[in-house]
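# A structural walkthrough
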Amino acid sequence: MMFKDELDNRLLYINSVIKEFLPESDNELYKKIIDAACYSVEAGGKRIRPMIMLETYRLCGGKDEEIVKPFMAALEYIHTYSLVHDDLPAMDNDDYRRGRLTTHKVFGEDFGILAGDALLNYAYEVMTSAVCAASPENMKNCAGAAAVIARKAGIFGMVGGQSLDVLLTDKPVNEEEMEFIFNLKTGALIEAAFMAGAILAGAGKECVSQLEKAGNLVGVAFQIKDDILDVTSTQEVLGKPVFSDEKNNKTTYVTLYGMEKAAADVENMSEKAESIVKSIGDNEFLIELINKLISREK
Ligand code: GRG
């Protein structure tokens, strides 16, 4: 099967998993918060984090895919909460996300905050329920996956990276700070995806740590690519092309290192990530997915 068809098949499956665990209630009094929380999740997205998690579970010999499902859904809820909060007026103040109006634009700023809070907490509810429901032989792996996701989403992960990013808004960013932000803000949740799949499959410490490294390389390459696309995709304003770098006066990987090094680093990092994956096992789809993420044009 062609990669594109496989990708479409997996996307359909992952969307069904994400939908399966969404919160529901017949009580009308919950309606607005559930609608606001589900709105952003149902808007779609590339779903790369759950997709990667399922593939590393397979790569590490996992056989019962039912075990991974709640963790795939939970990681996507956490990612979505981060986007909902990132779009708020106090942060990036964006009106559009995933091709639709942002959550706070539709439901109000208060419910933008609450929808993010709801998704984050609900993700932990889904994961801890899965830990409690696991058979004795799976319980340790499920708890391990939940712990990794919690750490990578929090202070020592995405929230830590976003915090430094916010602190340095409109300030010059040095190499060390940029590395910190990239590793944590973007890298951490992708590392969590690589690691959680492996942990759920019962992989050993060394293998999980190798996949953490691969996740970091993919996450950072993904973010550098994002910065490259910011420069190459121009926007027409009053008939004149405007580069996004000029719009927000932001230090990016490209402004810090130049386009040539940025492109070379992306290639280099993805090659390293691919060779780590290949050293662990055979998963052609995961290799192609890594390639696709860094060669994307939007
Ligand atoms: C608010 C705690 C908190 C964190 C926000 C994710 C994030 C941190 C900010 C979004 C801004 C941004 C450009 C982050 C870099 C990572 C990135 C490209 C996120 C978008 O992820 P995709 O491309 O989005 O996977 P989809 O919509 O496809 O799921």
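Residues numbered from 1 in each chain as written. Predicted model: local features only at pLDDT ≥ 70, side-chain atom pairs only at ≥ 80, totals over all residues.

Labelled according to an unreviewed UniProt entry, the chain appears under the name Polyprenyl synthetase family protein, originating from Lachnospira hominis. In its Cofactor (unreviewed entry) section, the UniProt entry covering the chain states "Mg(2+)". Note on the chain: under the UniProt heading Sequence similarities (unreviewed entry), the record states "Belongs to the FPP/GGPP synthase family." (UniProt positions renumbered as here; feature names shortened; annotations may be inferred.)

Moving on, we come to the confidence of the model for the chain. Of all residues in the chain, 95% attain a pLDDT of 70 or more, and the chain-wide mean is 94. Within the model, pLDDT remains below 50 along residues 235–247, and this stretch shows 15 contacts once partners closer than five positions in the same chain are excluded. Taken over the whole predicted complex, pTM reads 0.94, whereas the ipTM for its chain interfaces reads 0.91. (pLDDT = per-residue confidence, 0-100. Contact = placed C-beta atoms within 7 Å.)

Across the interface, helix 4 (residues 69–86) lies against helix 9 (residues 175–200) with an axial gap of 11 Å and an inter-helix angle of 170°. The pairing of helix 4 with helix 9 is recorded here as roughly antiparallel in orientation. Only L189, A192, A193, A196 and L200 of helix 9 make contact with helix 4, whose side of the interface consists of F71, L75, I78 and H79. Residues that form the contact of helix 4 with helix 9 fall into these classes: eight nonpolar, one polar and no charged. (Axes fitted to C-alpha atoms, helices over the stretch in contact; angles between N-to-C directions. Helix = DSSP H or I, 4+ residues; strand = E, 2+ residues; numbered from the N terminus. Parallel < 35°, antiparallel > 145°, perpendicular 65-115°, else oblique. Nonpolar A, V, L, I, M, F, W, Y, C, P; charged D, E, K, R; others polar.)

A word on the packing of helix 3 (residues 48–59) against helix 9. Helix-helix packing is characterised by the crossing angle of the two axes and by the distance between the axes. Running from N to C, helix 3 and helix 9 cross one another at 30°; their axes reach a closest spacing of 7 Å. Put simply, helix 3 runs roughly parallel to helix 9. Seen along the crossing, helix 3 lies across helix 9 with a hand that is right-handed. On the side of helix 3, the interface is formed by R49, I52, M53, L54, E55, T56 and Y57, while helix 9 contributes L189, I190, A193, F194, A196, G197, A198 and L200. For the contact of helix 3 with helix 9, the per-class residue count stands at eleven nonpolar, two polar and two charged. (Left-handed = near helix turned anticlockwise from the far one by under 90°.)

Quick look at the nonpolar core now. Nonpolar side chains in soluble globular proteins tend to end up buried together. Judged by nonpolar contacts, the single largest core of 82 residues is most densely connected at F71, L75, I149 and A196. In terms of residues, this core owes the most to one element, helix 9, which gives 15 residues. Look past the residues within four positions of A196 in its chain and what remains in contact with it is M53, F71, L75, A145, V148 and I149. (Core = buried A, V, L, I, M, F, W, Y, C linked by C-beta atoms within 7 Å. Buried ≥ 20, exposed ≤ 12 C-beta atoms within 10 Å, placed from the backbone.)

Every one of the 15 residues lining the ligand counts as a neighbour, but G45, K46, S82, H85 and Q162 are closest to it. Looking at the shell around the ligand, the elements with two or more residues in it are helix 4, helix 8 (158–167), helix 9 and helix 10 (205–232). (Near = placed C-beta within 6 Å.)

Here the focus is unusual backbone geometry. In this structure, R98 is a non-glycine residue whose phi angle is positive, near 50°. Assignment of secondary structure puts R98 in the loop between strand 1 (96–97) and strand 2 (100–101). We classify R98 as partly exposed; it has 15 C-beta atoms within 10 Å. The backbone phi angle of D170 is positive, close to 60°, even though this residue is not glycine. Inspection of the secondary structure assignment puts D170 in the loop between helix 8 and helix 9.

As for its position among the elements, T103 is in helix 5 (residues 103–107). Using a count of 31 C-beta atoms within 10 Å as the deciding quantity, one classes T103 as buried. In sequence terms T103 and L22 are 81 residues apart; their C-alpha atoms lie 16 Å from each other. With residues near it in sequence (within four places) discarded, T103 still touches A36, Y39, S40, V84, G112 and A115.

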